Amino acid sequence: MADFSLTKDGAILFPNAKIYYDTGTNLAAFGERDDVFFMHKRLAYIRVYQQILGLHPANFFQNILEVGVFRGGGAIFLHQLFEPAMLACVDVTKDPIPTLDRYMREQNSQSIHLHLGLNQADRDGLQRVIASDLQSTVDLVVDDASHFYAETRATFEAVFPQLRNGGIYVIEDWGWAHGKRPEGKPAYAPAKKSPLPLITELLILHASEPNAIEDIHIPFHGMMYLVRGRAPLAPSFRLPRAEGASGGLRRLAWPWRKRR
Ligand SMILES: C[S@@+](CC[C@H](N)C(=O)[O-])C[C@H]1O[C@@H](n2cnc3c(N)ncnc32)[C@H](O)[C@@H]1O
């Protein structure tokens, strides 16, 4: 594990890389620049990744999948902190990510593979990446992509079965739609659903198959992570539905009642 320190100008300093983190005020200044490494994560996230690393044996995290790359700073952070044998990165954008390309060149690193133009809802595409880059076993998954329900769910269904026993599945920013806004209206109101129903579905899976999801942690409001249990899940695995056309959450609250 590479040690890092924090700098006064809002960066994480590894021996080989300086990565600016999101301080809440520096996105406009750093978010578009190719000459700095910038990760779209606050310090609280970084602390949780540090804890996750500390709770596992050395060299546990050899195969990592990051979904949602942006400027590449998060990938560089994962690469520096966990020192994996392979970090596969997926993003729906087709635009090159010059900062990440530069990092790979500077580090002379073959241990990051970038898959652009791949939607996180593309189950087959994700499974192809896991088979080709990660030898079909993942130790850590970081979903920091769309933060929408259907897409986040599809990624989970495709990838969670291939997470190794004890492996970690992170979903970032799961609660974005539910934070309090000063004027009482959301600043960002897309047409797609927030991932909140997925959180309920994960709890149902945890309750019904405790050996599939061994543990669920919500270390703070922006982040959750699950620990994979030992129960095998078929590649065709699908989560239970928490809401839908026929009663959804209401029916789940009273599973003993007859359907009308
Ligand atoms: C929050 S940013 C990722 C930040 C990055 N992980 C970091 O720490 O710096 C979200 C990224 O997800 C990508 N994205 C959005 N929707 C996606 C989808 N459906 N499939 C894959 N990537 C998606 C966006 O293009 C964007 O680059």
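Residues numbered from 1 in each chain as written. Predicted model: local features only at pLDDT ≥ 70, side-chain atom pairs only at ≥ 80, totals over all residues.

Draft legend 1. Structural view of helix α6 (residues 149–159). With nine of eleven residues buried, α6 lies mostly within the body of the structure. Looking at α6, one finds that the buried residues are Y149, E151, T152, R153, A154, T155, F156, A158 and V159. (Buried ≥ 20, exposed ≤ 12 C-beta atoms within 10 Å, placed from the backbone. Helix = DSSP H or I, 4+ residues; strand = E, 2+ residues; numbered from the N terminus.)

Draft legend 2. Geometry of the site of the ligand. By nearness alone, 20 residues border the ligand, and G68, F70, G74, Q120 and S146 come closest of all. A per-class count over the shell around the ligand returns eight nonpolar, eight polar and four charged. (Near = placed C-beta within 6 Å. Nonpolar A, V, L, I, M, F, W, Y, C, P; charged D, E, K, R; others polar.)

Draft legend 3. Fine view of the pairing of strand β10 (residues 213–220). Relative to strand β11 (residues 223–228), β10 is paired through five bridges, and the arrangement is antiparallel. Pairing of I213 across the sheet is with R228, part of β11. The loop that links β10 with its antiparallel partner β11 comprises two residues. (Pairing = 2+ DSSP bridges.)

Draft legend 4. Spatial organisation of the sheet that holds β11. The strand order across the open sheet formed by seven strands is β7-β6-β5-β8-β9-β11-β10, and the pairing between neighbours is mixed. Both outer strands of the open sheet, β7 (112–116) and β10, are each paired with one neighbouring strand and no more. Taken pair by pair, the neighbouring strands of this sheet meet at an average axis angle of 15°, ignoring direction. Sheet topology places strand β8 (residues 138–143) next to strand β9 (residues 163–172); five bridges connect them, and they run parallel. Note on β9: the bridge partner recorded for V138 is L163. Packing against the sheet, helix α2 (residues 43–54) makes contact with β9, β10 and β11, and its axis sits at approximately 15° to β11. Sitting on the sheet, helix α3 (residues 73–82) is in contact with β5 (63–67), β6 (86–91), β7 and β8, with an inclination near 165° to β5. (Axes fitted to C-alpha atoms, helices over the stretch in contact; angles between N-to-C directions. Contact = placed C-beta atoms within 7 Å.)

Draft legend 5. Representation of the packing of helix α5 (residues 123–133) against α6 in the model. Closest axis-to-axis distance for the α5/α6 pair is 9 Å, and the angle between their directions is 40°. When the axes of α5 and α6 are compared, the pair comes out oblique. The two elements α5 and α6 cross, and the hand of that crossing is right-handed. Residues R123, L126, Q127 and I130 of α5 form the contact with α6, whose own contacting residues are A154, T155, E157, A158 and V159. (Parallel < 35°, antiparallel > 145°, perpendicular 65-115°, else oblique. Left-handed = near helix turned anticlockwise from the far one by under 90°.)

Draft legend 6. Here's a closer look at the pairing of β9. With seven of ten residues buried, β9 is to be regarded as a mostly interior element. For the segment spanning β8, α6 and β9, crossover handedness is right-handed. In this sheet, β11 lies alongside β9 in antiparallel orientation, the contact comprising five bridges. Bridge pairing in β11 places Y169 opposite L226. (Right-handed = clockwise from strand over helix to strand, strands pointing away.)

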